[in-house]
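Observations on the model geometry
In case you want the letters, here they are:
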Amino acid sequence: MLITNVENVPGKVIVEHFGIVQGSTVRAKNVGRDIMASLKNLIGGELKGYTELLNEARRESLDRMEEQAKTMGANAVVNVRFATSSVAQGASELFAYGTAVRLESE
Amino acid sequence: MTDFLINNSGLVTFGVLMILGYIAGSMAEKKHYASIKKRESEMVEMPVVNIKKACVDSDVQKSTLVTGSAVISIDYFKRFLAILRNLFGGRVRSYESLVDRARREAILRMKENALKKNADLVINFRLETSAIGKSANKKGQVGSIEALAYGTAVTLRKV
């Protein structure tokens, strides 16, 4: 499965459009990470636990998007966009969406 | 002396946190900036552009999505400075460096990922920033921010 954030994949032609596919996940940090993060908040700097968590979540949402595209019979997702929002206290939603297409080499 | 400490324990904690935040925070920031500058100069040959057509289509061998993200938080001292700044208005320098660090770190991580995939350039680059953490929903309080950089890594056909 090919995933890009450009509209057309260079060197390939889009032969079929399947419409929007999306994947999202809402993640909450665990208490341990929260405590570590609030300590780190005093001295500033990178919050490694949160970076890791968001990366995991993003991969998860990409995977879900891919799955949806696969069931449609697509072999690529183009024009992918990411969005992050905090839904509730201590939880954030990671959202990925794109257009599922079928590609063929030129 | 001890009486004073006990009677004003709130004030003392505040003072200790301020000093700790100032010392550790500025040290961490200096170190981070040094590492950012070093890695930026190492990876200067990797072009990242935010246009879609930066190369001839027939030269492209492979293209794939790459991402990089970083969550950076502000220290206690700078947060206090920012609150003071809110009274008078104007440039909030302490937040400027926070946002700048997060973005540059995210871009560097994206570039690292692209290099791992043997890419020659990154096209259609996008950058997104969001406030996260406990205080994200409270008005006027930025605890930490996340910067996300993503784009399409392109490997060119070697002639």
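The structure displayed is predicted, hence computed values, not measured ones.

The subject of this paragraph is the overall build of chain A. Each helix and strand counted, chain A has 2 helices and 5 strands in total. Put simply, chain A runs from its N terminus to its C terminus through helices and strands in the order β-β-α-β-α-β-β. Expected size for 106 residues packed as a compact globule is a radius of gyration near 13 Å; at 17 Å, chain A overshoots this value by more than 25%. Classification of the 106 residues of chain A by burial places 44% in the buried group. The long-range share in chain A, meaning contacts at least 24 apart out of those at least 6 apart in sequence, stands at 74%. Total accessible area on chain A stands at roughly 5,100 Å², and carbon and sulfur atoms take up 50% of it. Distance between charge centres in chain A, computed from 12 positive and 13 negative side chains, equals 6 Å.

To continue, consider the overall build of chain B. For chain B, the count of helices and strands is 4 helices and 3 strands. Written out in order from the N terminus, the α and β elements of chain B read α-α-β-α-α-β-β. Its C-alpha atoms give chain B a radius of gyration of 21 Å, more than 25% over the compact-globule value 15 Å for 159 residues. Expressed as lengths along the three principal axes of its C-alpha atoms, the size of chain B is roughly 80 × 30 × 25 Å. When the 159 residues of chain B are sorted by exposure, 39% land in the buried category. In chain B, the proportion of contacts linking residues at least 24 apart, taken out of those at least 6 apart, comes to 82%. When the 26 positive and 15 negative side-chain charges of chain B are each reduced to one mean point, those points stand 3 Å apart.

Conventions we followed
- Residues numbered from 1 in each chain as written.
- Chains lettered and ligands numbered in written order.
- Predicted model: local features only at pLDDT ≥ 70, side-chain atom pairs only at ≥ 80, totals over all residues.
- Heavy atoms only, no water.
- Helix = DSSP H or I, 4+ residues; strand = E, 2+ residues; numbered from the N terminus.
- Rg over C-alpha atoms; globule rule 2.2 N^0.38 Å.
- Buried < 20%, exposed > 50% of the residue type's maximum accessible area, 1.4 Å probe, protein only.
- Contact = heavy atoms within 4.5 Å.
- Areas by Shrake-Rupley, 256 points an atom, 1.4 Å probe, with all protein chains shown as cover.
- Lys, Arg positive; Asp, Glu negative; His and termini not counted.
- Charge placed at Lys NZ, Arg CZ, Asp CG, Glu CD.

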